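Structural overview for review
If you want the building blocks of each chain, they are given just below.
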Amino acid sequence: MERINVPQPGPMDLPLSLLEMGCSGRLELITHPLPGQPLPPQSTLPHGLPPTSLNLEKEVEKQFLRDPAWLPIHDIDFAFQKFPKVTQREVNADSLLNCTPSSLHSGLSVIRDPTTGMLLDFTEVLLENTGLSAKNSLSLQRQPGPPSESLRGSNTNYPFLPGGMEELSLDQIKKKSELEEDIDFENDLLRVPPGFKAGMDFTDKGSKMAKAEVNLMSLLSTFDDGAYMQPDKEEKEEDKRKEETPKLPRTNSLEDLGIKDAVSSAAPSEKNKNEKPKPNENPEENKKWAIPVNISAPCDDFYKRIPNPAFKWPFELDTFQKQAVLRLEAHDSVFVAAHTSAGKTVVAEYAIALSQKHMTRTIYTSPIKALSNQKFRDFKNTFGDVGLLTGDVQLSPESSCLIMTTEILRSMLYNGSEVIRDLEWVIFDEVHYINDAERGVVWEEVLIMLPDHVSIILLSATVPNALEFSEWIGRIKKRHIYVISTMKRPVPLEHHLYTGNSTKTQKELFLLVDAVGNFLTKGYYAAVDAKKDRTSKHAQSFGAKNTSQNTTASQDRAVWLTLLHYLSQRQQTPVVAFTFSRTRCDDNARSLDSMDLTTSVEKAEIHSFFQKSMSRLRGGDRQLPQILLMRDLLKRGIAVHHSGILPILKEVIEMLFSRGLVKVLFATETFAMGVNMPARTVVFDSIRKHDGTGFRNLLPGEYIQMAGRAGRRGLDATGTVIILCKAGVHEMADLHVMMLGKPTILQSQFRLTYTMILNLLRVEALRVTDMMRRSFSESHRDTQAHEKRISQLKQTLSSLPPLDSDGQLSDMLPYYHTVTELRTTTEILQRAILDSVNGLKALSVGRVIVVNYKQHLNALGVILQVSNDAVNRTFTALIICEKGNEEGEEKSHNAFPHLFNTALFIPEGPCSHTVQKLKLQDISAITVKTLKVIPDRIIDNYNKRQQPRFRHDPPGQAISTATQELLRLAEASPGGIASLDPVNDLQLKSVDVVEGSMRLRVLQESLKEFNCIHSPTFAEQFARVQERMGVQEELDRLLFLVSDQSLSLLPEYHQRIKVLQSLQYVDGNGAVQLKGRVACQISSHELLLTELLFENALSPLAPEESAALLSCLVFTQNTQVEPHITNTLQEGIDRVLAVAKRIGELQRDCGIPQTAEEFVGQFKFGLTEVVYCWARGMPFAEIAQLTDVQEGTVVRCIQRLDEVLKEVCQAARIVGDSVLGSKMEKASLAIRRDIVFTASLYTH
């Protein structure tokens, strides 16, 4: 055997090793593998072989802890790349100077031959705005963020610039740049260019053609209006206007300058035949943003103007739909107000089709999640490329049409989502929801925040103030909104009263409003009689007078059985019965146990559909009492729909109803709000509902919304609406208002929320006051008109002569101010006197008064009559005056001589008299004297002598006596008569009256000190001051109205900022701090949640406990059942309440009008036990037993709780509390199961 030479064995060449298998002490020998052949025993270990004969801990310790060479100095990320090759450590100072490479400021562009397209050369092009990013710019030019943030954006992103926010302020326009500064474009211009010998002579050689100077605007508008006007006429117009205004005035906003151009160029080609613009309208004067579209004339040339529409329907469109489509084709924004089922969806569908054609995106927002799900199904069937984003579902978010709730769109706008770049349309459905007190503000925020390139489509039920609302949107967005409003119903309604309650009376149905809309009183009286006959018989037989409003369950049942029997005989099903209480819905449905409205074929269909839908639930959940009960009801064609029903059951019911298999549906108001499911008949169980504060009649808007569910387009000729008269017939006036009244107007529910304030504060370019100024609640501020008036007043001021303020006249201004204050103080006192009993007693017939009225200064008078009108009370008085000055022309009120001169008027010649009607301000003092007068005689005599033929009769006895008496009084005390003091004589002891009368004395005394009154030119100088100050005061008032100071919410804004500052969400300069950043992430109850996070209140709790605790933020009802909870949870609840109390008190201290109790009271802990048990895995059937809250409500709360948990999880990540973050994730996973998170039937 020859000897084999083996090389020196290195550490890698160990031929074998020992491996201990498990803990049994059995060893196995492992030889080194041949390349490409795995070891057999390796498969016995889950993770392959451990490294042999190495103590891992020692190895790790040696490598990482004992050897400092690998430890990084600065860049920790770099360390992980370095750690495989551990080397000697070198100091590298340059590594500190690490800066990211700046983006390229130029790129290459190709030059091609224009004819052949051959590539000739490359050229360098400079790129603009390369430094813009989502963290520092509002511009659409900024570079896109990371793909992970493209959908929802990030709360460190800036939003895109909201449309209509680009106004320059007055100061910015006034500030000239250096280049503009010193050039005068009119005088001292060079005639000879530098370096030339001769130049150009511009002097006017008496040319006949000289025109007044024309500015650029006029050229533009001639250009644009050329389509309609002969240019020469236009130029003459312009010339005239130019002569009046030689320069284009500087205005406060670019708006005013750009308008003329924008309006006149509003694409004349698209104007309808019936909308010819009127020539020579100066668009600045009467500019309206909202343009009502005339839909009475048929739209004949529709197919000519849109030869290949983006979407075709199987039916012919109505005029209003055609008009809307024409506007969409022109890329205009529209507001469509029409009744339910009139076909508003057509507008939305066309917009979606257009955006698919243009490769852009559309967002469709709706107020209610159920509605979003339904629309998703409808649009998905129509268009295919549709996505859905709600709080808990995200389906194909890359689609061209996204359906979402308004809240999500709001957060996308604030967080600068990339989706906004491609957005062409936003469709707001059910816009009348802006009246919702809780969530209406979200619509306004979204409308204000939408960028300029997005067009808006608003779909709404009929509202009276559609124009005003559109005008507001048009004004804040600086674009026209076309208002298309139609009152026509495709299926007219007939309203009836029903008084039947037994087989005998089942036909008692009385028509009250016919299909044309006439109110038939005959029907009303017939119903009253039918009801009366029965009650009187009933009362005779029992001797009791039962006139209560409420009916017993058995009476109810009788009415329903009778009515439904009658309707199903007449084939009037399906019926929706609106009932304004969930328990009543349930009771009514249960009481119809004897009724069966379906055929056996329908029963089979219902059964199979029900089973198929329920197959998605887990076994235990299919046996829930509510599901079993509903299954029995559904088989007989009866169903219930309200917020207490499980969401999956609601969807089953909606789908069966739209197939016509549910014959009677007992529903609450929510069914009418979103779900588009018309019936043949609508029945109102009652017309009173509880709106959270008390019972009231239905508003016309609510009634129309619900009644509008009657009548299916293409199936019924008319829809039937029936109002049950169970206890008695309702008042005719109530019915009339409700059926034919105006629906509720759109009103702003704008309010400041902390999230909104923080989101706007973190972007320097956006101010909260801008948001407030643009809200619908401030839409009455016509800033532009004010601006115009302000510039006029400024010109007036500058043209007034300067004030003469030397020598005697130096104290003229203080004098004016004193006099003005005197006047206002007197007016306040007089108001107080008039409002008091004693004051009115004093101002009675016969009281002597001092009058200052037109030409009568400090004249004595006596009261003859006092009018009864409390608002504008007038006094008829006899006043003494000079002969010939009875009906004197009113002198201009240039000075107030009477204010410093208390001397009474004594006629120089013979004394005459006049009878005048005086206002309170004309009476400058009430004296202590009274006279006996005979008022009727005096007035009659005076009136008689006013007629021409009795003009020269001597005055009657009564008058001359009174005049003599007054004259005697005046002569007796020429310095002034003692007057009644409001405090001492009239016993007015309120603080302001006492202070006022003291102030009045001081002011009157001080008047004597002034020098200017002795000046000979005093009167005219005072008139000048008065004129000047009048203009100045009006100017100040308007400047105030235009400024932020006049915003109605400004005080509250300052209070909220104070709260945020004291909680350290923002610092003193309004910069958002870490806490503020966290609060931005949270959509509701942001203060409470952020405080809990920073106080670590959630850290000691287990995931299921924290979920249970946070349920107080989403649950809003009161419960009767006391929850049984663990001690840690009880401590958690106490902590939450303590924090809430602290915030509530802080808000109170900062001046917010909500009490701490109210703030704490909004958190309800009724579902803590339920959520706790659910998160721990208890089946739903058992959970339902723990509480008196209905199943549907529980499910909805847990779904909303999941959204809160996700928000808290993200907030925890921002703070850097990863433990809490993962805990929230666990909690979220624990509650996302079974029936609570069954996917919607609409989305599958």
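Residues numbered from 1 in each chain as written. Predicted model: local features only at pLDDT ≥ 70, side-chain atom pairs only at ≥ 80, totals over all residues. Heavy atoms only, no water.

As annotated in an unreviewed UniProt entry, the chain carries the name Helicase SKI2W and comes from Xyrichtys novacula. According to the UniProt record, the Subcellular location (unreviewed entry) comment for the chain reads "Cytoplasm". For the record of the chain, the UniProt heading Catalytic activity (unreviewed entry) holds the text "ATP + H2O = ADP + phosphate + H(+)". (UniProt positions renumbered as here; feature names shortened; annotations may be inferred.)

**Overview of the overall build of the chain**
Per the secondary structure count, the chain includes 44 helices and 27 strands. Considering the chain as a whole, with its 1244 residues, one finds that 46% of them fall into the buried category. Of the contacts formed within the chain by residues at least 6 apart in sequence, a portion of 72% connects residues at least 24 apart. Of the roughly 64,700 Å² of accessible surface on the chain, a fraction of 54% belongs to carbon and sulfur atoms. (Helix = DSSP H or I, 4+ residues; strand = E, 2+ residues; numbered from the N terminus. Buried < 20%, exposed > 50% of the residue type's maximum accessible area, 1.4 Å probe, protein only. Contact = heavy atoms within 4.5 Å. Areas by Shrake-Rupley, 256 points an atom, 1.4 Å probe, with all protein chains shown as cover.)

**Observations regarding empty space enclosed by the protein**
If a probe as big as a water molecule is rolled over the atoms, it shows which places are left empty. Within the structure shown, the criterion is met by 2 cavities of 30 Å³ or more. Lining the largest cavity, in full, are Thr1119, Val1121, Pro1123, Gly1166, Glu1169, Val1170, Leu1186, Thr1187 and Asp1188. (1 Å grid on protein atoms, 1.4 Å probe; cavity = no way out; pocket = protein on both sides within 12 Å on 5 of 7 lines; lining within 4 Å. Points joined across faces, edges and corners; volume = space filled by probe spheres on them.)

**Quick notes on the sheet that holds strand 24 (residues 856-866)**
Taken in spatial order, the 5 strands of this open sheet run 26-25-24-23-27, and their pairing is antiparallel. Lying at the two open borders of the sheet, with one neighbouring strand each, are strand 26 (911-918) and strand 27 (923-930). Averaged over all adjacent pairs, the angle separating strand axes in this sheet is 35°, with direction ignored. Relative to strand 25 (residues 875-882), strand 24 runs antiparallel, the two being bridged by 5 bridges. In the sheet register, Gly861 faces strand 25, and the bridge partner there is Ile879. Along the sheet, helix 31 (residues 935-946) makes contact with strand 24, strand 25 and strand 26, crossing strand 26 at roughly 105°. (Pairing = 2+ DSSP bridges. Axes fitted to C-alpha atoms, helices over the stretch in contact; angles between N-to-C directions.)

**Some points on the pairing of strand 4 (residues 119-126)**
As paired elements, strand 3 (residues 106-112) and strand 4 share 7 bridges and run antiparallel to each other. Paired with Arg112 across the two strands is Leu119, which belongs to strand 4. The turn linking strand 3 back onto strand 4 is made up of 6 residues, and Gly117 within it adopts a positive phi angle of 80°.

**Details of the packing of aromatic side chains**
Summed over all chains, the structure comprises 18 aromatic pairs. A network of ring pairs unites the aromatic residues Phe311, Trp313, Tyr350, Tyr364, Phe379 and Phe383 as a single cluster. One residue, Arg142, lies across the ring of Phe160, its end atom 4.1 Å from the ring centre. One cation-aromatic arrangement involves Lys1075 over Phe1094; the distance from NZ or CZ to the ring centre is 5.6 Å. (Phe/Tyr/Trp six-rings, centres within 6.5 Å; stacked < 30°, edge-to-face > 60°. Lys NZ or Arg CZ within 6 Å of the ring centre and 35° of its normal.)

**A word on unusual backbone geometry**
Positive phi, normally seen in glycine, also occurs at Ser396, with a value near 30°. Note on placement: Ser396 falls in the loop between strand 9 (394-395) and strand 10 (401-405). Its relative accessible area of 27% is what places Ser396 among the partly exposed residues. In this structure, Glu430 takes a positive phi of about 55° despite not being glycine. Here Glu430 lies in the loop between strand 11 (423-428) and helix 13 (440-449).

**Here's the deal with the pairing of strand 15 (residues 509-513)**
The buried count for strand 15 comes to 4 of 5 residues, which makes it a mostly enclosed element. Examined bridge by bridge, strand 14 (residues 493-498) and strand 15 share 4 bridges and lie antiparallel to one another. Residue pairing for strand 15: His495 is matched across the bridge by Val513.

**Considerations on the sheet that holds strand 22 (residues 719-724)**
What the 7 strands build is an open sheet, ordered 15-14-22-19-16-18-17; its pairing is mixed. Sheet topology places strand 15 and strand 17 (638-641) at the edges, where each strand pairs with a single neighbour. On average, adjacent strands in this sheet sit at an angle of 25° to one another, irrespective of strand direction. Of the pairings in the sheet, the one linking strand 17 to strand 18 (residues 664-667) comprises 4 bridges and is parallel in character. Bridging from a neighbouring strand, Ala639 pairs with Leu665 of strand 18. Along the sheet face, helix 24 (residues 732-740) touches strand 14, strand 15 and strand 22 and points at about 60° away from the line of strand 15.

**Regarding the environment of Gly956**
Inspection of the secondary structure puts Gly956 in the loop between helix 31 and helix 32 (957-972). The sequence separation of Gly956 and Arg937 amounts to 19 residues, and the corresponding C-alpha distance is 8.2 Å.

**Let's talk about the confidence of the model for the chain**
The predicted model of the chain has a mean per-residue pLDDT of 78, with 80% of residues at 70 or higher. Confidence, expressed as mean pLDDT per element, reaches its minimum in the chain at helix 7 (residues 254-264) with 40 and its maximum at strand 11 with 93. Here residues 39-43 scores under 50 on pLDDT; set against residues more than four positions off or in separate chains, the count is 8 contacts. Predicted confidence is poor over residues 889-895, with pLDDT under 50, and the contacts of this stretch with residues over four places away or in other chains come to 9 contacts. (pLDDT = per-residue confidence, 0-100.)

**Overview of the pattern of salt bridges**
Once their charged atoms are close, side chains differing in charge can pair, the charge on each being opposite to the other. Going through the model one piece at a time under the given rule, you end up with 32 salt bridges. Asp716 serves as the salt-bridge partner of Arg680, at 2.8 Å between the closest nitrogen and oxygen. Pair noted here: Arg680 is in the loop between helix 22 (670-673) and strand 19 (681-684) and Asp716 is in the loop between helix 23 (700-707) and strand 22, with a separation of 36 residues, a long-range link. The shortest N-O distance in the salt bridge between Asp716 and Arg712 comes to 3.1 Å. (Salt bridge = Lys/Arg side-chain N within 4 Å of Asp/Glu carboxyl O.)

**A closer look at helix 28 (residues 812-835)**
The end-to-end C-alpha distance of helix 28 is 35 Å, a good match for the 34 Å that 24 residues give at a rise of 1.5 Å each. Residues Met812, Tyr815, Tyr816, Thr818, Val819, Leu822, Thr825, Leu829, Gln830, Ala832, Ile833 and Leu834 constitute the buried set of helix 28. (Expected span 1.5 Å × (residues − 1).)

**Looking at the nonpolar core**
By size, the foremost hydrophobic cluster in this structure holds 210 residues, and its most contacted members are Phe335, Phe428, Phe469, Leu634, Phe684 and Leu1110. Of the residues forming this core, the biggest block, 11 residues, is contributed by helix 43 (residues 1191-1215). In this structure, Ala342, Val347, Ala348 and Ala351 belong to the second largest nonpolar core, which totals 40 residues. (Core = buried A, V, L, I, M, F, W, Y, C linked by side-chain atoms within 4.5 Å.)

**A short note on the side chain of Asn157**
Position of Asn157 relative to the elements: it lies in the loop between strand 4 and helix 3 (170-174). Residues in contact with Asn157, not counting those within four places in the same chain, are Ala134, Lys135, Glu149, Tyr414, Asn415, Gly416 and Arg762.

**Side note on the side chain of Lys344**
Considering the arrangement of structural elements, one finds Lys344 in the loop between strand 6 (333-337) and helix 10 (345-357). At 5.8 Å, Asp429 is the nearest oppositely charged side chain to Lys344, a buried residue that forms no salt bridge. Looking at Lys344, its side chain comes within polar contact range of the main-chain oxygen of Ala338, at 2.9 Å. The residues touching Lys344, leaving out its near neighbours within four places in the chain, are Val336, Ala338, His339, Leu459, Ser460 and Ala461. (Lys, Arg positive; Asp, Glu negative; His and termini not counted. Polar contact = N/O pair within 3.5 Å; in protein donor to acceptor, adjacent residues only side chain to side chain.)

**Quick notes on the packing of helix 31 against helix 32**
Across the interface, helix 31 lies against helix 32 with an axial gap of 8 Å and an inter-helix angle of 105°. As far as their axial angle goes, helix 32 and helix 31 are roughly perpendicular. Only Ala958, Ile959 and Ala962 of helix 32 make contact with helix 31, whose side of the interface consists of Arg937, Ile938, Asn941, Tyr942 and Arg945. In terms of residue class, the contact of helix 31 with helix 32 is built from 5 nonpolar, 1 polar and 2 charged. (Parallel < 35°, antiparallel > 145°, perpendicular 65-115°, else oblique. Nonpolar A, V, L, I, M, F, W, Y, C, P; charged D, E, K, R; others polar.)

**Quick look at a nonpolar patch on the surface**
A cluster of nonpolar side chains, namely Leu108, Val110, Leu119 and Phe122, defines an oily patch on the protein surface of about 400 Å² accessible area. Within the residue set of the nonpolar patch, elements represented by two or more residues are strand 3 and strand 4. Its place among the elements puts Leu108 in strand 3. (Patch = residues over 30% accessible without salt bridge, like charges linked within 9 Å, V, L, I, M, F, W, Y side chains within 5 Å.)

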